[in-house]
Amino acid sequence: MSQIAVFGAGYVGLVTGVCFAERGHDVVIRDVVPEKIDALRRGEVPIFEPGLDELLVRNAGRLRYTLDVREALDGADFVYVCVDTPPLYSGDADLSRVWTVVDELPDDTHATIVMKSTVPVGTGEKVRAALDGRGLARVGYASNPEFTAEGSAVRDFMQPDRVVVGAFEEADGDAVAMLHAGIDAPIVRADVNSAEMIKLAANAFLMTRVSFVNEIANVCELVGADVQRVAEGVGLDHRLGPHFLRAGLGYGGSCFPKDSLALKQLAANSGYHFQLLNAVIEVNELQKRRVVQKLQKHLGKLRGKRVALLGLAFKPNTDDMREAPSLVLASRLLAEGAEVRGWDPIARPELLGVTLFGTPLEAVTGADAAVIVTEWPELAEIATEEVRAAMHHPLIIDGRNLLDPARVRAAGFAYEGIGRAVSPLDVLPETPEREPDPTT
C-alpha cells in the first residue's frame, strides 16, 4: 500500500482520494479552501456524488485533510494533481492551478507526480522540463487521466473501462499502474503526450455523438420521423453501440465544454483547423436555444408568459451547474420577457430573475409551459391530472425525451419532445388571459 497526496478536493480530487483509500492506500487530500477542508474533517462531503459520502465515512481512518503543502507531502509516494483547468477567454486551458502545485513542491520532494487533471497535450513535457530545471530530476512524472462521469464517478473509478498510464520513465509508469492492481480493466501504457491526447480525444468523440444525434433529431422533426426509434436502430449496430445517442438539449458540465474548447485551441495553435469539432460545438450551442423556438410556436410571444424549468443541474445525480443548459434557457427566456420558475431536487443555484420552488407541482402552478431540462426520475410521472389542472396552459416541452408522448397527450397535455413528430393533438386550447398578480 502507498501513501498518496491528492491536491484538489473537487469532483476529481475527492473521488480519486476516497476511492484510493477504499482500495487500502493512505491518502491526504489538500485544498486551498479552508471551508472545504473543515467540512471534510467534519465528515461532510461538499459536493453531491452518489456513494461518495459512504466511502468517506468507511475509510475515515485512511483519509486526512489539510491546507498545508508540507503536511500533504510528508511521507507521500505519489502526488496526484487534481485541480481544475477552466478555459481562458482564448479557449486555451487555464493551467495556473497546475503550475501552482508544481511550483509549491519543496526542493526535497521525492514523490512521483501524477497528472489527473485534464491538460493540453505537451503539458507533461513542460512540467518535466520545469522540474529538471529546478534540480528535481529524481521526481518522477506520469499522466493518469480521469474518465469519471459525475453521477457515476465512484463506480467509474472502481470499475473503469480502462486505466491509462503515460510516463517518461518505465519505472514511473509501472509504479502508477501498480496503484490500480486488482482492478479488472485493461491498463493502457503510453507515452505522456499520447495519454494526454487519449483523454481529449475520448471526450471529443462522445461530444460528436451527442451533437450528431441532435442533428438527426432536428431532421426527424422536419420529416415526421421519431429519433428515439432511429437511435435505437442505429445503436443496435455492433460497430456503433447505443451510448451517447440520446437526443436532447445538448451536453454541459465541467468537462465536455472546456475540453472541446481546449482541443479546438490546441489544434489551432498547432496550425490545424479542426472543422468537425467546430461543428460539434456550434450544434451543441444552438441545440440549447431550440426550446425557445418550440415555446414560441405554441405560445406566441413569450413576454409575460410563465415558464417552469424542471431540472437545473446539467444532468441527474449531481448538483453541478457548470455549463448547464438551464442557464442558457433561463437567460434566453428572461430576455424574451418571460417569468421563469425553476425546480431541482439537488441543485440550489442563485439564478438572477429565476424563482426556485421546492416541488415540481409548485413550480408549474399557473405556468404556461413546463420544460423538462434534466431527466430526474421524479419527473417521469409529471403528466398527472393534478399538474394539468394546476397549469395555466397544459404544455410540456420534453427536452430529454423522458416521457411517453401518447400517455402525456392522453392525460390532456400538449406535448413536444426533441426529434419526435408533433401530433395534431398538440394544439393548445384557447385560455383566458391570466389575471394580473397583485403581489408583483
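Here, every reference points to the structure presented above.
Residues numbered from 1 in each chain as written. Predicted model: local features only at pLDDT ≥ 70, side-chain atom pairs only at ≥ 80, totals over all residues. Heavy atoms only, no water.

Participant: Kindly report on the overall build of the chain, identifying the contributing residues and their values.
Facilitator: Counting its regular elements, the chain contains 16 helices and 14 strands. The C-alpha atoms of the chain give a radius of gyration of 24 Å, which matches the 22 Å a tight globule of 440 residues would have. Out of the 440 residues belonging to the chain, those deemed buried represent 53%. Considering only intrachain contacts with a sequence separation of at least 6, the fraction spanning at least 24 residues in the chain is 72%. Total accessible area on the chain is roughly 19,900 Å²; 54% of this is exposed by carbon and sulfur atoms. (Helix = DSSP H or I, 4+ residues; strand = E, 2+ residues; numbered from the N terminus. Rg over C-alpha atoms; globule rule 2.2 N^0.38 Å. Buried < 20%, exposed > 50% of the residue type's maximum accessible area, 1.4 Å probe, protein only. Contact = heavy atoms within 4.5 Å. Areas by Shrake-Rupley, 256 points an atom, 1.4 Å probe, with all protein chains shown as cover.)

Participant: Report on unusual backbone geometry, specifying residues and quantitative values.
Facilitator: Keep in mind that most residues, glycine aside, have a negative phi and that most peptide bonds are trans. The phi dihedral of N317 falls on the positive side, at around 65°, and the residue is not glycine. The residue N317 is located in the loop between β9 (306-310) and α13 (325-335) in this model. Judged by relative accessible area, which is 37%, N317 ranks as partly exposed. Residue E323 is not a glycine yet carries a positive backbone phi of 55°.

Participant: Can you lay out a nonpolar patch on the surface for me, pointing to particular residues and giving the numbers?
Facilitator: Nonpolar side chains collect at one region of the surface, where V219, L222 and V223 lie side by side and expose about 340 Å² of accessible area between them. For L222, the location among the structural elements is in helix α9 (residues 192-223). When its relative accessible area of 76% is taken as the criterion, L222 is described as exposed. (Patch = residues over 30% accessible without salt bridge, like charges linked within 9 Å, V, L, I, M, F, W, Y side chains within 5 Å. Salt bridge = Lys/Arg side-chain N within 4 Å of Asp/Glu carboxyl O.)

Participant: For helix α5 (residues 96-104), give the residues involved together with the corresponding values.
Facilitator: Listing the buried residues of α5 in full gives V98, V101 and V102. Seen from one end, α5 has its buried residues packed into an arc of 95°, which puts them on one side. (Arc of directions from axis to C-beta.)

Participant: Tell me what's going on with the sheet that holds strand β4 (residues 78-81), and back it up with residues and numbers.
Facilitator: Strand order in the open sheet made by the eight strands is β3-β2-β1-β4-β5-β6-β7-β8, with mixed pairing throughout. Each end of this open sheet is capped by a strand with a single partner; those strands are β3 (63-66) and β8 (187-190). Taken pair by pair, the neighbouring strands of this sheet meet at an average axis angle of 25°, ignoring direction. The pairing of strand β1 (residues 3-7) with β4 spans four bridges and is parallel. Bridge pairing links V6 to Y80 in β4. (Pairing = 2+ DSSP bridges. Axes fitted to C-alpha atoms, helices over the stretch in contact; angles between N-to-C directions.)

Participant: I'd love a proper account of the packing of aromatic side chains, names of residues and values included.
Facilitator: What the rule picks out here adds up to six aromatic pairs. Plain terms: the ring middles of F20 and F157 are 5.2 Å apart, the flat faces sit at 85° to each other, and that makes the pair edge-to-face. Remark: F157 occurs in helix α7 (residues 153-158) and F20 occurs in helix α1 (residues 11-22); sequence separation between them is 137 residues. Pair check on accessibility: F20 and F157 agree, each one buried. Through successive ring pairs, a cluster of aromatic residues spans F20, Y80 and F157. Lying across the ring of F147, R162 places its NZ or CZ 3.8 Å from the centre. (Phe/Tyr/Trp six-rings, centres within 6.5 Å; stacked < 30°, edge-to-face > 60°. Lys NZ or Arg CZ within 6 Å of the ring centre and 35° of its normal.)

Participant: Lay out the nonpolar core in plain terms, naming residues and giving numbers.
Facilitator: Membership of the largest hydrophobic core comes to 53 residues, with the highest contact counts inside it found for L295, L309, L310, L333 and V371. Discounting chain neighbours no more than four positions away, the residues touching L309 are S326, L329, A330, L333, V340, R341, G342, W343, V371 and V373. With 33 residues, the next largest nonpolar core counts L56, L63, F78 and F157 among its residues. (Core = buried A, V, L, I, M, F, W, Y, C linked by side-chain atoms within 4.5 Å.)

Participant: Can you lay out the sheet that holds β9 for me, pointing to particular residues and giving the numbers?
Facilitator: The sheet built from six strands is open, its strands ordered β11-β10-β9-β12-β13-β14 with parallel pairing. Looking along the sheet, the strands with just one partner apiece sit at the ends: β11 (354-356) and β14 (414-416). Direction aside, the axes of adjacent strands within the sheet are offset by 20° on average. Across the sheet, helix α12 (residues 275-299) is in contact with β9, β12 (369-372), β13 (395-398) and β14; its angle to β13 comes to roughly 160°. Set on the sheet, α13 makes contact with β9, β10 (339-343), β11 and β12; between it and β9 the angle comes to about 175°.

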